[in-house]
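Take a look at the letters that make up each chain.
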Amino acid sequence: KAEADKKLEAERASFQMCRFTPNTVTKRIDWILSYTLQRARSSLILGDGGIGKTAGKDRWCEENNHGRSVSINCLPIGGAKGLLVQVAQKVGVNQNMSLAQMLPAVVRAFNSNRILVLDEIQHLIPTSVRTPPVALELARRIADLSGCALAMFGTIRVSSNLESQPYFYEQLVRRCGKPYYLPDKFVAEDVTPIITQFIPRPSSDFESI
């Protein structure tokens, strides 16, 4: 086992690490999150899978992580209680308290200078139209009670799924406004900085692939 682990480490070390390079999507995310935090408002950010939503969100949160941003990757299990426990863990609130005690403690950890960022919110939308999205309602309540900013990332299908919950969707849009839709196509300026990390002088034919 030790030899296998050493071999794996050597193989990993042989790969060149790709550094983060801003592109059309990440620049758009930077602007949306900065605007959302500055205005202490709520935003809904939607885009196709695999375009860099999570990478852009993570980068922005790292650069704004001095007590201001709380980033949560939503899970397909746990519901509202699971989400509240995740947030409590990030802000240093005792997770062994009852939910009735935990929610006010979490709210007190936020203010108008902080932002709660939820990624993959499609996991928090019930499959049945008869079941309200309680977890998202909880996040909205934290923002309402504390005055903090709230940013929610999800796939394109989030919009149509939420429309099946007319009352909640109306409340969400009233606070967020229309969703921000991220670009689904990249231009040469987006990919060239990545390519040149591996191929110093790529041909024009290669960049156009």
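It should be emphasised that the depicted structure is a prediction, and the values quoted were computed from it without experimental measurement. (Residues numbered from 1 in each chain as written. Predicted model: local features only at pLDDT ≥ 70, side-chain atom pairs only at ≥ 80, totals over all residues. Heavy atoms only, no water.)

(A) Highlighting the overall build of the chain. The helix and strand inventory of the chain stands at 10 helices and five strands. The buried share of the chain, reckoned over its 209 residues, is 41%. Within the chain, residue pairs in contact and separated by at least 24 positions form 73% of the contacts whose partners lie at least 6 positions apart. Here the chain has roughly 12200 Å² of accessible surface; of this, 53% comes from carbon and sulfur atoms. (Helix = DSSP H or I, 4+ residues; strand = E, 2+ residues; numbered from the N terminus. Buried < 20%, exposed > 50% of the residue type's maximum accessible area, 1.4 Å probe, protein only. Contact = heavy atoms within 4.5 Å. Areas by Shrake-Rupley, 256 points an atom, 1.4 Å probe, with all protein chains shown as cover.)

(B) Helix H2 (residues 24-39), seen in detail. End to end, H2 covers 23 Å across 16 residues, agreeing with the expected 22 Å (1.5 Å per residue, within 8%). Those residues of H2 not exposed but buried are Val25, Thr26, Ile29, Ile32, Leu33, Thr36 and Leu37. For H2, the arc enclosing every buried residue in end-on projection is 125°, short of the 170-degree limit, so these residues lie on one face. Exposed residues lying more than 90 degrees from the buried face of H2 are Lys27, Gln38 and Arg39. (Expected span 1.5 Å × (residues − 1). Arc of directions from axis to C-beta.)

(C) Representation of the nonpolar core in the model. Residues Val106, Phe110, Leu118, Met152 and Leu162 are the most contacted members of the largest nonpolar core, which totals 37 residues. If we ignore the near neighbours within four places in the chain, the residues touching phenylalanine 110 are Val70, Val87, Val91, Ile115, Leu116, Ile142, Ser146 and Cys148. (Core = buried A, V, L, I, M, F, W, Y, C linked by side-chain atoms within 4.5 Å.)

(D) Structural context of the pairing of strand S3 (residues 115-119). Most of S3 sits out of view: five of its five residues are buried. A two-sided burial pattern is seen for S3, the buried positions comprising Ile115, Val117 and Asp119 on one face and Leu116 and Leu118 on the other. Relative to S3, strand S2 (residues 69-73) runs parallel, the two being bridged by five bridges. Across the sheet, the residue bridging to serine 69 is isoleucine 115, located in S3. One ladder, built from four bridges, connects S3 with strand S4 (residues 149-154); its direction is parallel. Counterpart to leucine 118 in the pairing with S4 is methionine 152. Considered for its hand, the β-α-β crossover made up of S3, helix H6 (residues 134-146) and S4 is right-handed. (Pairing = 2+ DSSP bridges. Right-handed = clockwise from strand over helix to strand, strands pointing away.)

(E) Up close: the environment of arginine 130. Mapped onto the fold, arginine 130 is located in the loop between S3 and H6. Under the relative-accessibility criterion, arginine 130 is labelled exposed at 79%. For the pair arginine 130 and serine 164, spaced 34 residues apart in sequence, the C-alpha to C-alpha distance is 9.1 Å.

(F) Just the packing of helix H4 (residues 79-91) against helix H5 (residues 99-108), in detail. At a minimum axis distance of 10 Å, the contact between H4 and H5 shows a crossing angle of 45°. The angle between H4 and H5 falls in the class oblique. Our pair here, H4 against H5, has a crossing hand that is left-handed. Counting all contacts with H4, which are made through Lys81, Leu84, Val85, Val87 and Ala88, the residues of H5 involved are Leu99, Met102, Leu103 and Val106. (Axes fitted to C-alpha atoms, helices over the stretch in contact; angles between N-to-C directions. Parallel < 35°, antiparallel > 145°, perpendicular 65-115°, else oblique. Left-handed = near helix turned anticlockwise from the far one by under 90°.)

(G) The arrangement of the sheet that holds S4 in detail. Pairing in this open sheet of five strands is parallel, and the strands run S2-S3-S4-S1-S5 from one edge to the other. Looking at the sheet topology across the chains shown, the edges are occupied by S2 and strand S5 (180-181). Contacts between helix H3 (residues 53-63) and the sheet are confined to strand S1 (42-46), S2, S3 and S4, with S2 contributing the most and set at about 155° to the helix. With respect to the sheet, helix H8 (residues 166-176) is in contact with S1 and S4, its orientation differing from that of S1 by roughly 105°.

(H) Spotlight on the packing of aromatic side chains. Taken as a whole, this structure holds two aromatic pairs when the rule is applied. Here tryptophan 31 and tyrosine 35 contribute two aromatic rings whose centre-to-centre distance is 5.1 Å and whose plane-to-plane angle is 5°, an arrangement assigned as stacked. Note that tryptophan 31 and tyrosine 35 are positioned in helix H2 at a spacing of four residues, about one turn of the helix. Classification of tyrosine 35 as partly exposed rests on a relative accessible area of 22%. A centroid spacing of 6.2 Å and a plane angle of 75° characterise the contact between tryptophan 31 and tyrosine 180, whose relative ring orientation is edge-to-face. Here tryptophan 31 is found in helix H2, whereas its partner tyrosine 180 is found in strand S5, with 149 residues between them in sequence. (Phe/Tyr/Trp six-rings, centres within 6.5 Å; stacked < 30°, edge-to-face > 60°.)

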